[in-house]
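Below, each chain spelled out in residue letters.
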Amino acid sequence: MAHKFVDNYRERGARKKLVEILGDRGIQDKNVLKAIAKVPRHYFFDETFWIQAYKDIAFPIGDGQTISQPYTVAYQTELLHIKRGDKVLEIGTGSGYQTCILLELGAQVYTIERKENLFNRTIQVLPHMGYHPEFFCGDGSKGILEHAPYDKILVTAGAPFVPEILLKQLKIGGVLVIPVGDENAQKMVTVLRVSETDYEKFELDTFRFVPLVGDQAW
Ligand code: SAH
């Protein structure tokens, strides 16, 4: 991957247009749109494909995985209602783009990726861009117990069910956002932990993610 980190008017202009598209598609949270306007998404692409970076599409990042579609990133982020200082667990670092968006919103981010080569890439690229989450390599379907509880947990891969073990790692008042379904389509699910024992679950729109693979997953 060539990383020259050039961010000129051309890229900034394309990013502005992307923000408009996302607004038209229904993303309302101003802070989320601001974060999208700020993070140089083309840095996650090989220079040959920069033209693709600000289209509202998912894109291969190698190893059969994808950088999520900007709309999907914005949609999931909006559902999290990130407040400055929120402790967030992100499962499925992938390119690290979503991670940067969470950091721009002032979250303290713990991010875990199971594919070693993707992990090795993001631990280089993100700090170089000035983004500093806590990186982990391993199976995130079980969460990261050592650092629990979290204000928010975000799963960026499609799960067959909501892992109970993730719910237990939420603070009271905490929120889990996770796409749940089969390999073709998943419903976005949010779960709010209302008390020690009670949860409220909501099912929203349909998406298509790469599968969450692991102990509490496929
Ligand atoms: N937010 C990322 C999305 C990447 S796709 C981005 O915008 O780039 C989902 C990622 O989840 C893939 O990189 C995949 O390898 C990873 N993944 C799948 N199952 C996982 C698991 N059990 N633990 C951690 N990461 C997982």
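Just so we're clear, the structure is a prediction, and the values are computed from it rather than from any experiment.

Visitor: I tried to follow the overall build of the protein chain on my own but got confused; where do I start?
Guide: Secondary structure summary: the protein chain contains six helices and nine strands in total. A compact globule built from 218 residues would reach a C-alpha radius of gyration of about 17 Å, and the protein chain, at 16 Å, matches this within 12%. Its C-alpha atoms put the protein chain at 50 × 35 × 35 Å along the principal axes. Buried positions account for 49% of the 218 residues belonging to the protein chain. When the accessible surface of the protein chain is summed, it comes to about 10,400 Å², and 51% of that surface belongs to carbon and sulfur atoms. For the protein chain, the distance from the average position of its 26 positive side-chain charges to the average position of its 28 negative side-chain charges is 6 Å.

Visitor: Would you mind showing me how to read the packing of aromatic side chains here?
Guide: Each aromatic ring pair is characterised by the separation of its centres together with the angle its planes make. Counted by the stated rule, this structure contains 10 aromatic pairs. Judged by centre distance (5.1 Å) and plane angle (35 degrees), the ring pair of F45 and F59 falls under tilted. With F45 in the loop between helix 2 (30–38) and strand 1 (59–62) and F59 in strand 1, this residue pair connects regions lying 14 residues apart in the sequence. For the pair formed by F45 and F59, the shared burial category is buried. Considering the side-chain rings of Y71 and F207, the 6.3 Å spacing of their centres and the 20 degrees angle between planes classify their relative orientation as stacked. With Y71 in helix 3 (residues 70–80) and F207 in strand 9 (residues 199–207), this residue pair connects regions lying 136 residues apart in the sequence. Through pairs of rings, three or more aromatic residues link up here, namely Y71, Y75, F207 and F209. The lysine or arginine in question, R41, covers the ring of Y97, its NZ or CZ lying 5.4 Å from the ring centre. Lying over the aromatic face of Y150, K87 brings its terminal NZ or CZ to 5.6 Å of the ring centre.

Visitor: Please explain the site of the ligand as it appears in this structure.
Guide: In the region of the ligand, 25 residues are neighbours, and S95, E113, D139, G140 and V213 sit closest. Separating an oxygen atom of the ligand from a backbone N or O atom of S68 is a distance of 3.3 Å. Here a nitrogen atom of the ligand and a side-chain polar atom of T156 are 3.4 Å apart. Burial of the ligand by the surrounding chains reaches 99%, relative to a free accessible area of 580 Å². Of the pockets mapped on this structure, the ligand occupies the largest pocket. If you list the elements that add at least two residues to the shell around the ligand, you get strand 2 (65–67) and strand 4 (108–113).

Visitor: Can you walk me through the environment of K142 in this structure?
Guide: Relative to the elements of secondary structure, K142 occurs in the loop between strand 5 (134–137) and strand 6 (150–155). Take K142: its relative accessible area is 37%, and that puts it in the partly exposed class. When the C-alpha atoms of K142 and L166 are compared, they prove to be 6.4 Å apart, with 24 residues separating the residues in sequence.

Visitor: Explanation requested: the nonpolar core in the structure shown.
Guide: Taken as a class, soluble globular proteins show a tendency for nonpolar side chains to be buried jointly. Ranked by internal contacts, the top residues of the largest apolar core, which has 44 residues, are L22, I27, I36, F44, Y97, I101 and L102. Of all elements in the fold, only helix 1 (9–24), helix 2, strand 1, helix 3, helix 4 (97–104), helix 5 (116–129) and strand 7 (170–181) reach the threshold of two or more residues within this core. Residues in contact with L102, not counting those within four places in the same chain, are T77, L80, I82, V88, E90, A107, V109 and L154. Of all hydrophobic cores here, the second largest spans 20 residues; its members include L89, A159, L167 and L176.

Visitor: Can you help me understand helix 3 in this one?
Guide: Given 3.6 residues to a turn, an α-helix orients residues that are three or four positions apart in the same direction. A large share of helix 3 lies buried, amounting to 10 of its 11 residues. The set of residues buried in helix 3 consists of P70, Y71, T72, V73, A74, Y75, Q76, T77, E78 and L80. Directly after helix 3, the chain includes H81, whose backbone phi takes a positive value near 45 degrees.

What counts as what
- Residues numbered from 1 in each chain as written.
- Predicted model: local features only at pLDDT ≥ 70, side-chain atom pairs only at ≥ 80, totals over all residues.
- Heavy atoms only, no water.
- Helix = DSSP H or I, 4+ residues; strand = E, 2+ residues; numbered from the N terminus.
- Rg over C-alpha atoms; globule rule 2.2 N^0.38 Å.
- Buried < 20%, exposed > 50% of the residue type's maximum accessible area, 1.4 Å probe, protein only.
- Areas by Shrake-Rupley, 256 points an atom, 1.4 Å probe, with all protein chains shown as cover.
- Lys, Arg positive; Asp, Glu negative; His and termini not counted.
- Charge placed at Lys NZ, Arg CZ, Asp CG, Glu CD.
- Phe/Tyr/Trp six-rings, centres within 6.5 Å; stacked < 30°, edge-to-face > 60°.
- Lys NZ or Arg CZ within 6 Å of the ring centre and 35° of its normal.
- Near = heavy atom within 4 Å.
- Polar contact = N/O pair within 3.5 Å; in protein donor to acceptor, adjacent residues only side chain to side chain.
- 1 Å grid on protein atoms, 1.4 Å probe; cavity = no way out; pocket = protein on both sides within 12 Å on 5 of 7 lines; lining within 4 Å.
- Sits in = over half its atoms within 2 Å of the grid points.
- Core = buried A, V, L, I, M, F, W, Y, C linked by side-chain atoms within 4.5 Å.
- Contact = heavy atoms within 4.5 Å.

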